[in-house]
Structure formats: structure tokens, C-alpha cells
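# Per-entry structural report
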Amino acid sequence: MKIPNHIAIILDGNGRWAKAKGMPRSYGHVVGCDNLDKMCTIISEMGVKYLTVYAFSTENWKRNQAEVQVLMNLFRRYLKRCERSARKNGTRIKVIGDISALDPDIQERIRWAEEMTKDNDRLHFQIALNYGSRDEILRGMTRMAEDARAGLLPEGKITEDIFASYLDTAGIPDPDLMIRTSGEMRLSNFLLWQLAYTEFYFVDVPWPDFHKEQLLDAIEVYNGRDRRFGNAKS
Ligand code: FPP
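Structure report, in brief. Here the structure is a predicted model, which is why all the values come from computation and not from measurement.

Scanning the protein chain for helices and strands turns up 7 helices and 8 strands. Relative to the globule expectation of 17 Å for 234 residues, the C-alpha radius of gyration of the protein chain, 18 Å, shows essentially globular dimensions. Dimensions along the principal axes, computed over C-alpha positions, put the protein chain at roughly 60 × 45 × 35 Å. The proportion of buried residues among the 234 residues of the protein chain is 47%. Pairs at least 24 residues apart make up 77% of the contacts formed inside the protein chain by residues separated by at least 6 positions. A total accessible area of about 12100 Å² is found for the protein chain, and carbon and sulfur atoms account for 51% of it. When the 34 basic and 33 acidic side-chain charges of the protein chain are each reduced to a single mean position, those positions are 3 Å apart.

Written as C-alpha cells, this is what we have:
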């Protein structure tokens, strides 16, 4: 079975999963976070080199404030404890998104986690926090316009590679497989540029119930696809 080099996942359905069990939505996020930890180990052991997950979108601030606080506290706890799991899985952590809107202590923990794991090379793990693809493109293009004004860019010759180098994902290969759990069939402003040629897999299972077996199903479907990049075959 061919293992995708880069898997991107929209972690959806924590709230509905908890509600179906008569529990508060926050319980779903806690279990979802634990599941992410377990899945990172499984994904790393499978030989996947890059994993990118959508943990908190630029739209998620509009949620109930108590729920936003639960999520922020989960990120705090995760970032504080990630050293152990990062060492176990050989994980290099990188956060994508506009982190300037997060609380200063979370920003500090992000910098610490990125610095501490920067020499790990087995699994490159991108966590999208306060991430929106349109926001990422606008932030990148603002920097690109500044560089163009300063004469740092070739005039009239912006290539795909130059454009991509201004995105939060600069240097990271595009995803081969994008998985969205819990039945919704849209991208919700996730990696719009990077997913141009990615295979999509939508599954009804909510994120807390998405385990190794479900991942293998997704990879099997991916293996049955005839990948094309524009006119070229893979
Ligand atoms: C979507 O489920 C999920 C989120 C908005 C949060 C996802 C976050 C985690 C799984 C925790 C990740 C933790 C780290 C450290 C990266 P939903 O609440 O939209 O579910 P619903 O669609 O059923 O309402």
C-alpha cells in the first residue's frame, strides 16, 4: 500500500460526538485532543512524513466564549506536554495561522515547542491555529507587496514557487490526501492553495471515533485513485 507523504485532516465532529453521548461539547474536544495524540503516533509509525491538522479556524472565535476558552486551554496543555510525545514520535511541531491574536502565553509556548522540536525529522506536524486560508493568502501577499516595493522580487515574474514561499506552509510539500471527518463536504477555508491537486476523502465518522482502522480505509481509497496533476499523471 502506498503511504501518502502528507496527510491533512479537518478534525470535525467533536461537539456532535459528545452531544450524542449526553455530554457537553467540551468533553468532545478533550477526547478529540487525546485521539489526535494517539493518531500522531500511528501516523508517524506508518511512515507519513507530514501531517497538518485544522485545530482552530479564524471563524471559530464566534463560538460560545466558554467553548473557545476550553479549546485555548487544551492548546495550552497540549503545547506544554508535547515534548514527550514529540520525542517519542520524532515529531517536529510547527503552528500555521495568525498566532498574534492568541494569548501571549500561548504564543510563547508555540515558540518554545517549535524551537524544542526543530531538529526532529520523522513527522512534520503542522497545527493550524487561528488559521484561515484567505487570511494566510492576504498576510502573505501583504509581505510580498512590501518586498516588491523594496525591489526584492523579479518584476512581472511572480511564479507559483515565489507565491508559495510567502504562505505559512513555505517549504512544506502540498498534501497528497485530505481527510474531513463527520460528514461535512467542504473545505471551510483550509489550505485552499495547497490542496489544488490533493485527493479528498470525506467520512461520516466524527473525529473522536476516527482511529487506525478508519485511517487505513482512507489510505486504501487513496490507493485506488488515479492521481493527476493537471494533465500529468503521478
Ligand atoms: C471541530 O469539531 C473541532 C474543533 C473546532 C476543534 C478541534 C480541536 C481538537 C480536536 C483538539 C486539537 C488539539 C490540539 C492540541 C491541536 P466541532 O466542535 O465543530 O464539532 P461539531 O461539528 O460536531 O460541532
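What follows concerns the environment of K49. Relative to the elements of secondary structure, K49 occurs in the loop between α2 (25-46) and β2 (50-57). On a C-alpha basis, the gap between K49 and T91 in space is 9.4 Å, while along the polypeptide they are 42 residues apart. Residues in contact with K49, not counting those within four places in the same chain, are N5, D121, R122, L123 and H124. In terms of polar contacts, K49 uses its side chain to reach the backbone carbonyl oxygen of D121, at 2.6 Å.

Before going further, it helps to examine the packing of α2 against helix α3 (residues 65-89). Interaxial distance between α2 and α3 falls to 11 Å at its minimum, and their mutual angle equals 20°. In this view, α2 runs roughly parallel relative to α3, as classed from their interaxial angle. Between α2 and α3 the crossing geometry is right-handed. Across the interface between the two elements, R25, S26, H29, V30, C33, D34, D37, C40, T41 and S44 of α2 pack against E67, V70, L71, L74, R77, Y78, S85, K88 and N89 of α3.

Around the ligand, a shell composed of 18 residues is seen, among which L11, D12, R16, R25 and R63 lie nearest. The side chain of D12 places a nitrogen or oxygen atom 3.0 Å from an oxygen atom of the ligand. R63 places a polar side-chain atom, nitrogen or oxygen, 2.8 Å from an oxygen atom of the ligand. Protein chains shield 93% of the accessible area of the ligand, which is 610 Å² for the free molecule. For the ligand, the cavity whose grid points lie within 2 Å of the majority of its atoms is the largest pocket. Counting residues per element, the ones that place at least two in the shell around the ligand are α1 (14-20), α2 and α3. With 5 residues, the single largest contributor to the shell around the ligand is α2. Here the residues of the shell around the ligand sort into 8 nonpolar, 6 polar and 4 charged.

About the thresholds
- Residues numbered from 1 in each chain as written.
- Predicted model: local features only at pLDDT ≥ 70, side-chain atom pairs only at ≥ 80, totals over all residues.
- Heavy atoms only, no water.
- Helix = DSSP H or I, 4+ residues; strand = E, 2+ residues; numbered from the N terminus.
- Rg over C-alpha atoms; globule rule 2.2 N^0.38 Å.
- Buried < 20%, exposed > 50% of the residue type's maximum accessible area, 1.4 Å probe, protein only.
- Contact = heavy atoms within 4.5 Å.
- Areas by Shrake-Rupley, 256 points an atom, 1.4 Å probe, with all protein chains shown as cover.
- Lys, Arg positive; Asp, Glu negative; His and termini not counted.
- Charge placed at Lys NZ, Arg CZ, Asp CG, Glu CD.
- Polar contact = N/O pair within 3.5 Å; in protein donor to acceptor, adjacent residues only side chain to side chain.
- Axes fitted to C-alpha atoms, helices over the stretch in contact; angles between N-to-C directions.
- Parallel < 35°, antiparallel > 145°, perpendicular 65-115°, else oblique.
- Left-handed = near helix turned anticlockwise from the far one by under 90°.
- Near = heavy atom within 4 Å.
- 1 Å grid on protein atoms, 1.4 Å probe; cavity = no way out; pocket = protein on both sides within 12 Å on 5 of 7 lines; lining within 4 Å.
- Sits in = over half its atoms within 2 Å of the grid points.
- Nonpolar A, V, L, I, M, F, W, Y, C, P; charged D, E, K, R; others polar.

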